[in-house]
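Secondary and tertiary structure notes
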Amino acid sequence: MKKEYGALVVGAGIGGIRSALDLAETGLKVALIDARPSLGGILTQLDHQFPSDHCGMCKMLPLTQRDQSSQYCLRKGLFHKNIDIYLHTELTGLEGDPGKFQATLRRRSTFVDPTRCVSCGLCAEVCPARVPSEFNAGLAPRTAVYLPVPHNIPNHYVVDLDNCQRCWRCYEACPTKAIDFKFEQRKDFHIIVATPDERITQDLPLWFKDENFPLHPTATGEKALELLAGGLECGLMLLDLDLPEAEVERTLRRALELRPNLAVVLLVSKDKDGAKNEDEGKDKAVAALFKQGAREVLAKPLKQAQAVPWLDKLFMRLVSDESFSLEVGAVILAAGFECYNPGDNPNGCADLMLYGSHPGVLTSLEFERLASPTGPSQGLLTRPGDGKPLHRIAWLQCVGSRDVKKQADFCSSFCCMISIKQALLAKRRSCGEAEATIFYMDMRTNGRDYQRYRDEAENTAGVRFIPARPHSILPGPDGDLLIQYYDYSGELREEVFDALVLAVGARPPKSMERLALAAGIEVNDSGFCATRYLSPNRTSRLGVFAAGAFGEPADIRGSMIQAGAAAMGASRMIRVYHGPRDETPEAEPEYTDVSRQVPRVLMALCSSCPTLELNVNADALRQRMAILPGVVKVVDVKRACTREGWDTLRQEAEATAPNRVLIGACLPYMHVPRLRELGEDLKLNPALMDVVDIHTASLAGRATSFGGHAACRASCAAGRGEEPGASPGVCDCGETARTDEMSSLLAMAAAKLLGADPSSLPQATPVSPQALVVGGGLAGMTAAMGIADQGFKVVLVEEAEQLGGQAMNLRYTLGGDDPARFMEDLIEQVEKNPNIRVLKDSRVVLSRGKAGRFVTVVATGEGMAHTLHHGATILATGGHEAKVYEYGNRVRKCVLTQLELEQRLAAGSVDASSLSGVAMIQCWRSREESRNYCSRVCCQGALKNILMLKKRNPGLPVYVFYRDIMTTGFAEHYYTEARRSGAIFIRYTPDTRPKVEFKDDKPVITALDPVLSAQIELHPDLLVLSSGVEPNDSAEIADLFGVSLTDNGFYQEAESKWRPVDFLKHGVFACGLGLGPATMRETLLSAKAAAQRAVRILSEKQLSCGNVVAEIRDTLCSRCGRCISVCPYGARALDLDRDKIVVDELLCQGCGSCMAACPNSATVLRGFRDEQVMAVIDAALAVQPAAAAGL
Amino acid sequence: MKNTHKPIAFVPAPLVFQDETLVEVQNMVRACMQCGTCTASCPNAFAMDLTPRQMWRMLLFGLKQEVLQSRTFWLCSACYSCTLRCPRDLPLTAAMAALKRMAAAEGDSANRKKALFYQEFMHNVEQNGRIQEMGFMCHYFLAMHDPLLPMEYGPLGLKLLAKGKLHLGGSGQRGRLGPLFAKVRSMEGAS
């Protein structure tokens, strides 16, 4: 049976997860696949993210309909009812058209049965293989059977077949027989060998005797075919190329006709002294045979030590890997990136940087692992190798980025901020003692708040920033490192460091070529997925979208926005091809009201795992549980993780009619979806059920876990110096402790369930299926289109008399697109769209309500007032070029802003050929205290003007005064081009600002050239200022919708990394220039991402809150307001009209901060009331009477 | 003490494409982003009056005379470290060589004198099919018209002689490279 999904998301890193969640929350089924055996991509390895230096992945989790996904640490696992996850799976083919793709996937087996593996780790203990651990970036070894990520849930061991030594020790050690090497299947796996080589004919059967394979050596292809035709269940054919060429070819063709799935391996003799010509001939023949379907090549002469494991592994892959196909509406590619490896030959720089040969030279990823508490040094910053504490650390930027020699004519975008973060981390870890130095070319702090972060690092924390690029590293004294570099004054400086961190850049994923071929997409010159500048979320194939850092290197924030935009594209595509969404949503389950019943707890203990019986006194446990208050029955369930197990449980429950259910099993998060089903069957609210992890407790004290009672007692007796069996029953190695532990866990959960509030949840809010978009510029219009195309009504409110906004001022882009044409088309589409109602010359005057139900009054220019009911709001009020009045701007004709120059160049009123010189000053009044942020567009704006000037007049001198050129991503290419075209870039610092005077109405600029440390005097015709971007005044709008602004007047999003287009106030989203400086491309992305966030709300019929929300006992409340300020979600407010603190149940995420802050215990959390928590603590501490009695 | 030819203040030359030889060198290094990798890589940088990074910068500003007065490019021993390591893939060693050619062709007497070493070297190689150190140095001293120069090189010469590094006798390869040089001349003449 072929499964159908709305979308297939390839890559389960943060980009993929974001896209998958964005789609799943609108009700689409999503298949999420990843080639790795674990979720989370590179973020599983990173513990610290700037600016908070914490992990925040969980902030991505759904805020509405929370109970549809387990609210749980996303680094550990993702559980959503609409998302199916396939790990260790790759996309191998994509046929069909948008709306109905056939995706072929190949799942590589991990050889460990996840339903049996109990993650006890005995297999890894006996494994003799050691390879560098991917998780610890190679700083620590791992075994060939290993946990890909130690903190995953569920976490099962996997066998890395490539590094497996085939010793079978893990197979023998596994207590649950979870490791499956297919021993039984071997005797049905016949191998035919067609070879004229008699030695092979003799040797092979002997070699494979132990391996259980039936072997059929034949001397000719003819005989082999006879065997096949005779109906032999053959799985593999070894075909010797020393047979006559025609025979080889015929045998291969015929064999594949008989058995299309047969794996044919070619035996090719590679003589060392063989003639080269002969080898080339063979290579050609092999290539031809590969085309006909041969699978692999095995070199002759065969050696037992290599051939046997090789064939064994091939067999394992053949019988274990599976291929399956899915029907999907759209595909999102989020395969992410690979970190540049300096050790990669021949283009690496390992030799110059001592990488790999000196323990003090680390990549940024390795440093990240070193600083991680789960890393190889438990988070102590010490040098691998000699363990010296790291006090002097240097960071080297642009390793593998911005280097045309390493095929990297791009900037990796994230490394600058990572290095600053790591430098600050090192400072903080050492209480400020560490010396942190960053060697850079341009510090690309091009986000809205990044410049402040850098200033803080430089001025407050004392991180040194040195503009230099040391080319090679020398070993220094005492295992330290010596760095030589020339500073700007031309002096050679030498410094000694304990460690050097190479800030490695991004590379396309290793599987890119395969993936591009399978998905049928184009890649760009740098090997990343090709996207067009003005349709940044689309790949070259319709219906296939690029998310995360797949299309262009990006930081977390950029990936999140890109992923949201990709989700919007996919969602729209699915709607377009599948028509309007199903109008029959699932019925809301109805639950019996049990609030007036006496609590009756049914307790079910899963007894499937052998660990329970072996390690715990199960009878005692059951007896103790039965006498707990409220427990009506304790039942054993065989294998709670299977369907049969749950059926037994349901039958028991139907017979007992409990109003609370407690299940003791493993992996509680796996069972959450089943609780919902059980709840529907029993008409019992799943909030009154719980699953307790008794598995971990049963494994405590693992050394004796699997010997069972007998072994345990024997070892205890030996420990006391007695004969085994001398004092039977006496055993102090943990069984009693484990039983106690487990019973207290269960008792705690039972106490919590007893106190659970069975009353029904606050009523759900019905959703008005219409969106309001404020601002009719590029962002607003794109967002409106994104929502309208998915079948929802949109009202677009624009203050001006025309749509278009700031983007109308642009004339060309770096990539050569025509923004004017693009905007014309967009305006036409918006005005013609039947779902969009455009209100020009209008403004919002009043808004009330919350997510799902806003009521807003819009006043138009003619004095009309419209009252709108809408479920979501997008604020796209935009920005404008900052006004600069210095340097003769707006007074003298020879001084222009970049935007004015662009317009005049396009209109022809500035004639490049008649100019004798142009000077530009970047960062004018940006990145200093008046406007301390990078405006992001000016560097690219300057570059495009330079290239245009140079195109028209190649001999024109152009001088650019800059601080750091912020061309992240592929825009770096144009920086290279601008330099190549002859523009001269002169760096200045805030202290050495260029001075401008005017002589004969022409600017005279004097400045310091830092490279020559000489005064330069310029007499250009034109002076062009990069004045930067300012947000439009949105204080009023922000006030109306109850959202906040940054110091500079941009919208303050909920979380700069994980929720970049959301506000804390749910249901209101921001995009475009109002959110932060952005190019056209970035504006398009944020608008699309915001649209998808809004669609998520609109596609619900009603919004209901989670089970765990805060409530207020109004009579106890003193209105002190402490809870309002501590609430991280902005869910609480003081309602002045009613003189009450009110909680927005949709916003409240049940974190409990308010409860801790409240001095009167007036605020309570459903599910965590004081009495309940106290009862749980009592249960945990209670000395069980049964235990005291010595049971 | 370094005799620096770095200007303290200057007005960049207008970027006109009249001086073809200068433009040729400028084109080689236009994409330079002043990262300084070349300078840090250069084994001879300690002896240079301008660092390579500064010299490229001055070239781009059109400060031709100042560059030609410096000895930086003469000290380039063509080890190619900078070319190998330049992240912009610029032909820096070639640019150094182009500067030497330019200085020899149009520089002042000091530069022409510096070029003598190279000329004599190539002349010697052409004649002998390899370098013959004794003959080469003799010709060089003569060409330099400086009676004190042999004294300066004396100690070094003796040291090299003691280690057997000075080739004294005749060479069996004499004149063997003649056709090669002739070919190069004809190619240069043709272009």
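Residues numbered from 1 in each chain as written. Chains lettered and ligands numbered in written order. Predicted model: local features only at pLDDT ≥ 70, side-chain atom pairs only at ≥ 80, totals over all residues.

**Examining the overall build of chain A**
What chain A contains, in helices and strands, is 32 helices and 54 strands. On C-alpha atoms alone, chain A measures out to a radius of gyration of 34 Å, which is about the 32 Å that the 2.2 N^0.38 rule sets for 1191 residues. Overall, chain A is about 110 × 95 × 65 Å in size when its C-alpha atoms are taken along their principal axes. Across the 1191 residues in chain A, those meeting the buried criterion constitute 49%. The contacts in chain A between residues at least 6 apart in sequence include a share of 73% that link residues at least 24 apart. (Helix = DSSP H or I, 4+ residues; strand = E, 2+ residues; numbered from the N terminus. Rg over C-alpha atoms; globule rule 2.2 N^0.38 Å. Buried ≥ 20, exposed ≤ 12 C-beta atoms within 10 Å, placed from the backbone. Contact = placed C-beta atoms within 7 Å.)

**Some remarks on the overall build of chain B**
Summing up its helical and strand segments, chain B has ten helices and one strand in all. In sequence order, the secondary structure elements of chain B are arranged as β-α-α-α-α-α-α-α-α-α-α. Taking the principal axes of its C-alpha atoms as reference, chain B extends roughly 55 × 45 × 30 Å. Burial analysis of chain B (191 residues in total) assigns 32% to the buried set. The long-range share in chain B, meaning contacts at least 24 apart out of those at least 6 apart in sequence, stands at 62%.

**Overview of the confidence of the model for chain B**
Residues with a pLDDT of 70 or more make up 92% of chain B, whose mean pLDDT is 84. Two numbers describe this predicted complex: its pTM, 0.88, and its ipTM, 0.85. (pLDDT = per-residue confidence, 0-100.)

**Section: the interface of chain B and chain A**
On the side of chain A, 28 residues touch chain B, which itself brings 33 residues to the contact. When residues of the side of chain B that touches chain A are assigned to their parent elements, the largest contribution, five residues, is made by helix α3 (residues 52-60) of chain B. Here the residues of the side of chain B that touches chain A sort into 19 nonpolar, seven polar and seven charged. (Nonpolar A, V, L, I, M, F, W, Y, C, P; charged D, E, K, R; others polar.)

**Regarding the environment of Arg532 of chain A**
If you trace the backbone, Arg532 of chain A turns up in the loop between α13 (512-519) and β26 (544-546). In this structure the C-alpha to C-alpha distance between Arg532 of chain A and Arg1081 of chain A, which are 549 residues apart in sequence, comes to 9.2 Å.

**Things to note about the pairing of strand β30 (residues 689-693) of chain A**
Residue and element names in this part refer to chain A. Counting buried positions along β30 gives four out of five residues, so the element sits mostly inside the fold. Pairing of strand β29 (residues 660-665) with β30 involves five bridges; the strand directions are parallel. Looking at β30, one finds that Leu662 is bridged to Asp690. Taken together, β29, helix α18 (residues 668-682) and β30 constitute a β-α-β crossover, and its handedness is right-handed. (Pairing = 2+ DSSP bridges. Right-handed = clockwise from strand over helix to strand, strands pointing away.)

**Details of the sheet that holds strand β19 (residues 435-440) of chain A**
Think of a sheet as strands paired side by side through backbone hydrogen bonds, with each pair either parallel or antiparallel. All names here are of chain A. Strand order in this open sheet of five strands is β17-β24-β18-β19-β20, and the pairing throughout is parallel. In this open sheet, the two strands that pair with only one neighbour each are β17 (361-363) and β20 (464-467). Across the sheet, the mean angle separating the axes of adjacent strands is 25° when strand polarity is ignored. Both strand β18 (residues 392-399) and β19 contribute to a ladder of five bridges, which runs parallel. Directly across from Ala394, in β19, lies its bridge partner Thr437. Across the sheet, helix α11 (residues 415-429) is in contact with β18, β19 and β24 (499-504); its angle to β18 comes to roughly 175°. (Axes fitted to C-alpha atoms, helices over the stretch in contact; angles between N-to-C directions.)

**A look at the confidence of the model for chain A**
Residue and element names in this part refer to chain A. For chain A, mean pLDDT is 86; residues scoring 70 or higher make up 93% of the total. Throughout residues 702-708 the model reports pLDDT below 50, and contacts reaching past four residues in sequence, or to other chains, amount to 14 contacts. Every residue in residues 1185-1191 scores below 50 in pLDDT, and together they form eight contacts with partners more than four places removed in sequence or on other chains.

**Overview of the sheet that holds strand β46 (residues 1014-1018) of chain A**
Read across the sheet, four strands follow the order β44(A)-β45(A)-β46(A)-β1(B) without closing on themselves; strand pairing throughout is mixed. Strand pairing shows two members of the sheet lacking a second neighbour, β44 (995-999) of chain A together with β1 (9-10) of chain B, which therefore form its edges. Pairing geometry for β44 of chain A and strand β45 (residues 1002-1009) of chain A, over five bridges, is antiparallel. Looking at the pairing, Glu997 of chain A lines up with Val1004 of chain A of β45 of chain A.

**Some details on the domain arrangement of chain B**
All names here are of chain B. Assigned domains of chain B: these are domain 1 (20-106) and domain 2 (111-190). Each of domain 1 and domain 2 has a C-alpha centre, and these two points are 25 Å apart. Between domain 1 and domain 2, the residue contacts involve five residues of the former and five residues of the latter. Per element, the largest residue contribution to the side of domain 1 that touches domain 2 is three residues, and it comes from helix α6 (residues 92-106). Split by residue class, the side of domain 1 that touches domain 2 holds four nonpolar, no polar and one charged. (Domains from an automatic or database assignment.)

**Examining helix α1 (residues 14-24) of chain A**
For the α-helix, the turn length of 3.6 residues means that residues three or four positions removed from each other point alike. Burial analysis of α1 of chain A places eleven of its eleven residues in the buried class, which makes it a mostly covered element. Restricting attention to buried positions, one finds in α1 of chain A the residues Ile14, Gly15, Gly16, Ile17, Arg18, Ser19, Ala20, Leu21, Asp22, Leu23 and Ala24 of chain A.

**Let's talk about unusual backbone geometry**
Residue and element names in this part refer to chain A. Residue Pro51 is bonded to the preceding Phe50 through a cis peptide linkage, with omega at 0°. Tracing the chain through its elements places Pro51 in the loop between β2 (30-34) and β3 (83-87). Although it is not a glycine, Asp478 adopts a positive phi angle of roughly 55°. Mapped onto the fold, Asp478 is located in the loop between β21 (473-475) and β22 (481-486). Classification of Asp478 as exposed rests on a count of 9 C-beta atoms within 10 Å.

**Thoughts on the packing of helix α7 (residues 109-128) of chain B against helix α8 (residues 133-144) of chain B**
All names here are of chain B. At a minimum axis distance of 9 Å, the contact between α7 and α8 shows a crossing angle of 145°. By crossing handedness, the relation of α7 to α8 is classed as right-handed. Across the interface between the two elements, Lys113, Leu116, Phe117, Glu120, Phe121 and Asn124 from α7 touch Gly135, Phe136, His139, Tyr140, Ala143 and Met144 from α8. Within the contact of α7 with α8, the residues separate by chemical class into seven nonpolar, three polar and two charged. (Left-handed = near helix turned anticlockwise from the far one by under 90°.)

**Some points on the packing of helix α5 (residues 221-229) of chain A against helix α6 (residues 245-258) of chain A**
Residues and elements named next belong to chain A. Taken N-terminus to C-terminus, the directions of α5 and α6 make an angle of 5°; their axes are 9 Å apart at the nearest point. As summarised for this structure, α5 and α6 are arranged roughly parallel, according to the angle between their axes. Touching Gly221, Ala224, Leu225, Leu228 and Ala229 of α5 are Glu247, Val248, Arg250, Thr251, Arg254, Ala255 and Leu258, all from α6. (Parallel < 35°, antiparallel > 145°, perpendicular 65-115°, else oblique.)

**A short note on the environment of Ala143 of chain B**
All names here are of chain B. The topology assignment puts Ala143 in helix α8. On the basis of neighbour count, Ala143 is assigned to the partly exposed category, with 14 C-beta atoms found within 10 Å. Counting along the chain gives 34 residues from Ala143 to Ser109, while the straight-line C-alpha distance between them is 13 Å.

**Structural notes on the nonpolar core**
Counting residues in hydrophobic clusters, the biggest one holds 288 residues, and the most contacted among them are Ala7, Val331, Ile332 and Leu333 of chain A. The contact partners of Val331 of chain A, leaving out residues within four places of it in the chain, are Ala7, Leu8, Val10, Leu94, Phe101, Ala103, Ala519, Gly543 and Val544 of chain A. (Core = buried A, V, L, I, M, F, W, Y, C linked by C-beta atoms within 7 Å.)

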